[in-house]
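This is what each chain is made of:
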Amino acid sequence: MVYIDVIEKLTILTAAAKYDVACTSSGAERRGQKGGIGNASAAGICHSFAADGRCITLLKVLMSNSCVFDCSYCVNRRSNDTKRATFEPRELADLTIQFYRRNYIEGLFLSSGVIRNPDYTCEQMIKILEILRYEYRFGGYIHAKAIPGADELLIRRMGLLADRMSVNIELPSQKSLQLLAPDKNKDNILKPMGLIRQSITESRTELVRYKSAPQFAPAGQSTQIIIGATPETDYQILNLAAALYKKYELKRVFYSAYMPVVEGKNLPSLTTKPPLLREHRLYQADWLLRFYKFDASELLDEKNPNFNPFVDPKCSWALAHLDSFPVDVNTAPYETLLRVPGIGVKSAQRIIKARRAGPLNFDGLKKLGVVMKRAQYFILCSGRGMEGLKISHDSILRGLLSDRSMQLMEGSSGEQLSLFDDTTVTRGDIIKCLTGQI
Amino acid sequence: MSDGPDLIYRYDGSFKGLMCCVFESFYQRETPLRVISHAETQESLFEIREVVTDNTKASRVMRAVVEKISGEAMNLVYSAYLSDLKDKELHILRFLRLGFKYGASVMRMLTDDTVRILNKAVTHLSNEAALLRGFVRFSDFGGGLVATIEPKNNVLPVIKHHFLSRYPDGCFIIYDKTHKLVLLAQQGRSRIIQVDDFVPPQAGNDELRYRTMWKRFYDTIAVEGRENPKCRMTHMPKRYWAHLTEMQTPPDTRPITDAPARLTSNNTPASGLR
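Reading guide: rules and limits
Residues numbered from 1 in each chain as written. Chains lettered and ligands numbered in written order. Predicted model: local features only at pLDDT ≥ 70, side-chain atom pairs only at ≥ 80, totals over all residues. Helix = DSSP H or I, 4+ residues; strand = E, 2+ residues; numbered from the N terminus. Rg over C-alpha atoms; globule rule 2.2 N^0.38 Å. Buried ≥ 20, exposed ≤ 12 C-beta atoms within 10 Å, placed from the backbone. Contact = placed C-beta atoms within 7 Å. Pairing = 2+ DSSP bridges. Right-handed = clockwise from strand over helix to strand, strands pointing away. Axes fitted to C-alpha atoms, helices over the stretch in contact; angles between N-to-C directions. pLDDT = per-residue confidence, 0-100. Nonpolar A, V, L, I, M, F, W, Y, C, P; charged D, E, K, R; others polar.

Here's the deal with the overall build of chain A
Next, step 1: Check the secondary structure of chain A and you find 18 helices and 10 strands.
Next, step 2: Here the C-alpha radius of gyration of chain A, 24 Å, is about what a compact globule of 438 residues would show, namely 22 Å.
Next, step 3: Here the C-alpha coordinates of chain A stretch approximately 70 × 55 × 40 Å along the principal axes.
Next, step 4: Counting over 438 residues, chain A shows a buried share of 46%.
Next, step 5: At a minimum sequence separation of 6, the contacts of chain A that also span at least 24 residues come to 69%.

Describing the environment of Leu-92 of chain A
All names here are of chain A.
Next, step 1: The residue Leu-92 is located in helix 2 (residues 89-101) in this model.
Next, step 2: Note: C-alpha distance between Leu-92 and Leu-110 (18 residues apart in sequence) is 9.8 Å.
Next, step 3: Each residue touching Leu-92, except ones within four places of it in the same chain, is listed here: Met-63, Phe-87 and Ile-128.

Some details on the pairing of strand 6 (residues 171-176) of chain B
Regular strands place their side chains on alternate faces of the sheet.
All names here are of chain B.
Next, step 1: Pairing of strand 5 (residues 144-149) with strand 6 involves five bridges; the strand directions are parallel. Within strand 6, the position partnered with Val-146 by the bridge is Ile-173.
Next, step 2: Crossover strand 5 to strand 6 through helix 6 (residues 156-166) is right-handed.
Next, step 3: Sheet topology places strand 6 next to strand 7 (residues 181-186); six bridges connect them, and they run antiparallel. The partner of Asp-176 across the bridge, within strand 7, is Leu-181.
Next, step 4: Taken together, strand 6 and the strand that follows it, strand 7, pair antiparallel across an intervening segment of four residues, in which Lys-180 is found at a positive phi of about 55 degrees.

Side note on the sheet that holds strand 4 (residues 139-141) of chain B
All names here are of chain B.
Next, step 1: The sheet built from five strands is open, its strands ordered 4-5-6-7-8 with mixed pairing. Both outer strands of the open sheet, strand 4 and strand 8 (189-194), are each paired with one neighbouring strand and no more. Geometrically, the sheet is characterised by an average inter-axis angle of 20 degrees between neighbouring strands, direction not taken into account.

Remarks on the confidence of the model for chain B
Residues and elements named next belong to chain B.
Next, step 1: Model confidence for chain B is summarised by a mean pLDDT of 88, while 88% of its residues fall at 70 or above.
Next, step 2: Here helix 9 (residues 261-264) is the element of chain B with the lowest mean pLDDT, 29, and helix 3 (residues 71-82) is the one with the highest, 98.
Next, step 3: The low-confidence segment residues 251-274 (pLDDT under 50) makes 34 contacts with residues lying over four places distant or belonging to another chain.
Next, step 4: Interface confidence for the predicted complex, given as ipTM, is 0.88, next to a pTM of 0.88.

Details of unusual backbone geometry
Residue and element names in this part refer to chain A.
Next, step 1: At the junction of Phe-325 and Pro-326, the peptide bond is cis and its omega measures out at -5 degrees in the coordinates.
Next, step 2: Looking at where Pro-326 falls in the secondary structure, it is placed in the loop between helix 10 (313-320) and strand 9 (327-328).
Next, step 3: For Asn-103, which is not a glycine, the phi torsion comes out positive at approximately 65 degrees.
Next, step 4: Inspection of the secondary structure puts Asn-103 in the loop between helix 2 and strand 4 (107-111).
Next, step 5: Phi angles above zero are rare outside glycine, and Glu-170 is one such case at about 60 degrees.
Next, step 6: Here Glu-170 shows up in the loop between strand 6 (164-166) and helix 5 (174-180).
Next, step 7: Glu-170 sits in the buried class, given 22 other C-beta atoms within 10 Å.

Points about the interface of chain B and chain A
Next, step 1: Facing 50 residues of chain B, the contacting portion of chain A comprises 57 residues.
Next, step 2: With 10 residues, the top contributor of residues to the side of chain B that touches chain A is helix 7 (residues 205-221) of chain B.
Next, step 3: Tallied by class, the residues present in the side of chain B that touches chain A amount to 23 nonpolar, 13 polar and 14 charged.

This is the structure:
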């Protein structure tokens, strides 16, 4: 391969792919096969962490950044004046294998701009995956993006080669799609998503019957929603995510704080800072849906449509439901323990295990990894509360605020304040809002 | 059970050797002040008893652990032996005393300090092994893969299964510089041997090119405007950087082309300094 050529392509096509935030190699478990290379481990493996602190697990590139579409938020839109490049199928397959051998990556995350038309693009992507799976007998992880508008048969072929498929929703409502991505609509995003879901279900049923039946996207499907390019509330976004988990059985919904990389009349200005804290809160809430058995309607409603910038969604919920506390750690069921601020999945499991060997006290809880600073207000040990604990709104608040939020309340520099959307709140406002007195 | 405050056990450093120390301790009804391996040289005022490794004794102890405590406990003990816990031998001995007293339920005694210390050490081992499954960086030397790691814990026995499955036909070497151990693997078979030193060969041109491309990918994939050095450091502690290809700055990995114009214009100050 011509080295300079490939490294330039790699640079262009990596830069064009990096705003897709999905970065997992989880959900597929597969041993390496004789005569081939590569395995997959269910938990996924991070191979490095980029300067932005995000995990690098797959070679995330576009096959091509040429695109016939003109979505105004996208760096690859047709009307954007930028360098274009396209990988030859063999070029990219070889690069993937060489990176994989050196343990740089778990596999390939392949997406692409639309060259000529969706079908042609999809066929080219399939070529890459076929070289990997059939020629190299590559057993590592492949995440492939379905190209909206491509033929059903092509999507099915792709799914049989990939571990995970994704279709990005990008904008959280039909109205926003119309405004910023006039070439896309809700239907041609949801249609492939539905097709993938259906194919996964079928493939699972077939596997029950024939052990050797080919698996369709065994690691499921995911999507991405851009946060902050359009005016949707957290409530709308979280409901959308919850519906996607239920209706389309998605494995993951990724949230991406909008980075203004292109100028457009309907877009936030280029000086807009990405709403990182908002993104963070949405991920926390997403975790509560997936691992903590919360329902979206418990976290937000039409009256309170956005997350509190100062405390996380779980603490917010606890503060609004003080009547459900305290709970006794020696008797409370797992689901109840999960709802206590300061107790996570791991410490809840440890509590269940450890209390079978004998009753737990506050000292013991600390040893199990419970964050007492938060949990102390919400728990009892065999009927008794923590000794000398003062329970007042102010003390609970101090316990629940992170150090950063605390600094913020005590009045700090403008730099940190800019992380938050509205900076005019006073300490009194925060306390009121936290204790539900608004 | 008498304590032996003036007695030190010395064993060959092997797991079986350690099991024989356990045997000795139970058989003699004594708890030594320390258990040290041959690798440790200690000037000592105390009596040192050499514990000879005996397969039969070791098997008897291991079978007893599985039968009287649990298989889970056996795994915990073996993992603790691989960990970098200071005086791990003594902690393991204490744990087994507790285990033979309480049986299988010792594994649930998570708030007991002996159990907690062992669990914590094993978590440290598992975490480091998990990180290294990702952070091992191989170089290709004529088809053979060679990597160097510098872990705190003895992770090779833990991570070898993963790499054997990853390269079922491959030939690879992982050198653990801390413990002076080399994992040799070929065609799905492997062994771990002790070495004095190991120097990997010089990288060829092809190898250097892939390193450069990987470094370029690494530098390009980060989203500017979201730099977060603290977060990166948390997930990828600095002590691993020495053996991570992408964290080296050789002169031949400077950008050859500019990133696409839209990514550098507007957003960043004209000086390019951040």
